[in-house]
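The primary structure of each chain is shown beneath.
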Amino acid sequence: MTTFTVQCGAARYSTVTLTVEADDLETALAQAVADANLSSAWSACDDFGPTFIEAVAEGEDVELWAIAFDQQLPVPDRFTEQGICR
């Protein structure tokens with residue numbers, strides 16, 4: 001049997017609610033993003049995104065980000081963040 005070191009991830013969501021004034025929706029959304037990036041009022045949500053695989057390699061306790069990229073095994077699309085979140 002083969003041993004693998006697998007790094008899993010899940011997005012942790014935070015929110016901030018803002019009020020903006022603008023001439024149209026596009027401008028309002030752009031302003032909201034800019035204001036949110038500067039805000040200190042963010043709060044963590046209890047929700048997490050789905051679990052996905054960030055990296056995998058053969059071996060026990062492999063430092064996945066210290067090894068050469070080509071030593072990591074390719075993660076099948078259905079286990080990646082993009083594949084899980086479709």
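So, here is what we can say about the structure in this document. This structure is a prediction, so every number in the text was calculated from the model and none was measured. (Residues numbered from 1 in each chain as written. Predicted model: local features only at pLDDT ≥ 70, side-chain atom pairs only at ≥ 80, totals over all residues. Heavy atoms only, no water.)

Section: the overall build of the protein chain
Regarding its fold elements, the protein chain presents 2 helices and 4 strands. Put simply, the protein chain runs from its N terminus to its C terminus through helices and strands in the order β-β-α-β-β-α. Since a compact globule built from 86 residues should have a radius of gyration of about 12 Å, the 19 Å found for the protein chain marks it as more spread out than a globular shape. Each of the three principal axes of the protein chain carries a C-alpha extent, and together these read 60 × 25 × 20 Å. Sorting the 86 residues of the protein chain into buried and exposed places 20% on the buried side. Put simply, of all contacts in the protein chain between residues at least 6 apart along the chain, 71% involve residues at least 24 apart. Taken as a whole, the protein chain presents about 6,900 Å² of accessible surface, with 52% of it coming from carbon and sulfur. (Helix = DSSP H or I, 4+ residues; strand = E, 2+ residues; numbered from the N terminus. Rg over C-alpha atoms; globule rule 2.2 N^0.38 Å. Buried < 20%, exposed > 50% of the residue type's maximum accessible area, 1.4 Å probe, protein only. Contact = heavy atoms within 4.5 Å. Areas by Shrake-Rupley, 256 points an atom, 1.4 Å probe, with all protein chains shown as cover.)

Concerning the environment of alanine 10
Among the secondary structure elements, alanine 10 is positioned in the loop between strand 1 (4-9) and strand 2 (12-15). Overall, the relative accessible area of 37% leaves alanine 10 in the partly exposed class. Taking the C-alpha atoms as reference, alanine 10 lies 11 Å from threonine 80; in sequence the two are 70 residues apart. Contacts of alanine 10, omitting those with residues within four sequence positions, involve Gly49, Pro50, Thr51 and Phe52.

Digging into unusual backbone geometry
Apart from glycine, the bulk of residues carry a negative phi angle, and the bulk of peptide bonds sit in the trans form. Of note in the backbone geometry, aspartate 61 takes a positive phi value of approximately 55 degrees without being a glycine. When you line up the elements, aspartate 61 lands in the loop between strand 4 (52-58) and helix 2 (81-84). Relative accessible area serves as the criterion here: at 65%, aspartate 61 is assigned to the exposed category.

A few points about a nonpolar patch on the surface
A grouping of Phe4, Val6 and Leu73 is seen on the molecular surface, where their side chains present a nonpolar patch of about 240 Å² in accessible area. Its place among the elements puts phenylalanine 4 in strand 1. Given the relative accessible area of 44%, phenylalanine 4 is considered partly exposed. (Patch = residues over 30% accessible without salt bridge, like charges linked within 9 Å, V, L, I, M, F, W, Y side chains within 5 Å. Salt bridge = Lys/Arg side-chain N within 4 Å of Asp/Glu carboxyl O.)

Topic: helix 1 (residues 25-38)
With 14 residues, helix 1 extends 20 Å from end C-alpha to end C-alpha; this agrees with the ideal 20 Å at 1.5 Å per step. Where helix 1 starts, the residue carrying a side-chain oxygen 3.2 Å from the main-chain nitrogen of glutamate 26 turns out to be aspartate 24. (Expected span 1.5 Å × (residues − 1). Polar contact = N/O pair within 3.5 Å; in protein donor to acceptor, adjacent residues only side chain to side chain.)

It is worth stressing that arrangement in space is one thing and function is another; only the former is reported here.
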